[in-house]
Amino acid sequence: MENTADTTNHSIPVSEMQLPEASPLSQITQYIGVTELSIRYHRPSLYNDTSGLQYRVPHDQLWTPGHHIVKFSTSDTIMIKDKKLPAGDYSLLMIPGEKSWVMIFNSEDTLYNINQYNEKNDVLRINVDAQKTGYTKDFTFSFSDILPNTAILCVNWGSTSLRVPIFINNEKKVTETFETAFSKADKDDWHIYVSAANYYLEACVNLDKGLEWINKSIAIKETHANMWTKAELYAAKGDYKNAVIYGEKANELGKTEPNEARQKHFDYTIALWKEKTTKKQTKKI
């Protein structure tokens, strides 16, 4: 009797199987000012074992979380602690220690695992103090304390935490961006200078440059918006006398386009500035 059973192998090759990973892939992207930082990494978990980190992370040995190398990229040159890291893509490896960890940025950004690592391609090595903190089950990269020119890169797992300061000089790039925009703007566009001035106001850096740009806006057209920005710039510099002067001018200009919420905000803030001006004068006496 003829065997008609289908002997075709329908099994799926292991390489093509989509299976859940013990250390799932994750990616975090963060802008600091106009600089984009990105970290692509795998996240091992301690599950319910609060003390298992000491068995999962070998001290004084080259290590990476999960099975694959962490990828780190930056769109501009940055300072990590006190050392420069040029713009580019990197493999990020670590050497954990009891009191401090070494973070290694290697230019060979296509590394797949530790066996492919070559120390000759290291671009930067930094030592980071290991701190004790609240428990984190999953290995985690994150950014905190984000300002236009600085941020903290955080690494947390178990009760161990690393905090790595990052500094970026965005001012030149920002200034060039605005100058290019100014050259293309309509000559009667007072809004664009307000946007530029507000950048420095919100960043609380180079306030004099902010005043330079807001004066250009006011020269085109006096509005409650640019006059109030000028008042806020003076307040940020601690010059509350001028803040009151330009704040009151903004208040008067605003009355041509009544807005109850804006009026309350202006009145309240100007009163605070007047109070601070009085306190300064009292201290001098």
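About the criteria used
- Residues numbered from 1 in each chain as written.
- Predicted model: local features only at pLDDT ≥ 70, side-chain atom pairs only at ≥ 80, totals over all residues.
- Heavy atoms only, no water.
- Helix = DSSP H or I, 4+ residues; strand = E, 2+ residues; numbered from the N terminus.
- Expected span 1.5 Å × (residues − 1).
- Buried < 20%, exposed > 50% of the residue type's maximum accessible area, 1.4 Å probe, protein only.
- Arc of directions from axis to C-beta.
- Contact = heavy atoms within 4.5 Å.
- Core = buried A, V, L, I, M, F, W, Y, C linked by side-chain atoms within 4.5 Å.
- Polar contact = N/O pair within 3.5 Å; in protein donor to acceptor, adjacent residues only side chain to side chain.

Participant: Please set out helix α2 (residues 171-184) residue by residue, giving values where relevant.
Facilitator: Taking 1.5 Å per residue, 14 residues should reach 20 Å; α2 reaches 20 Å between its end C-alpha atoms and fits that length. V174, T175, F178 and F182 are the residues of α2 that are buried. Take α2 and look down its axis: the buried residues cluster within an arc of 95 degrees, on one side only. Opposite the buried face of α2, at more than 90 degrees from it, the exposed residues are K172, S183 and K184.

Participant: How would you explain the environment of L207 if you had to name every residue and give the values?
Facilitator: Relative to the helices and strands, L207 is located in helix α4 (residues 207-220). The class of L207 is buried, set by a relative accessible area of 11%. Those residues in contact with L207, other than ones at most four positions away along the chain, are Y200, L201, L233, A236 and K237.

Participant: A description of the nonpolar core should follow, citing residues and the corresponding values.
Facilitator: Judged by nonpolar contacts, the single largest core of 32 residues is most densely connected at F72, M103, F105, F141 and L153. At seven residues, the largest contribution of residues to this core is made by strand β9 (residues 150-167). In this structure, I192, A197, W213 and M227 belong to the second largest nonpolar core, which totals 30 residues.

Participant: Residues and numbers for the environment of R125, please.
Facilitator: Assignment of secondary structure puts R125 in strand β8 (residues 122-144). Relative accessible area serves as the criterion here: at 32%, R125 is assigned to the partly exposed category. Expressed as a C-alpha distance, the spacing of R125 and L85, which sit 40 residues apart in the sequence, is 10.0 Å. Non-local contacts of R125, meaning those with residues more than four positions away in its chain, are made with K83, I95, V102, M103, I104, Y117 and E119. A polar atom in the side chain of R125 sits 3.0 Å from the side chain of D122.

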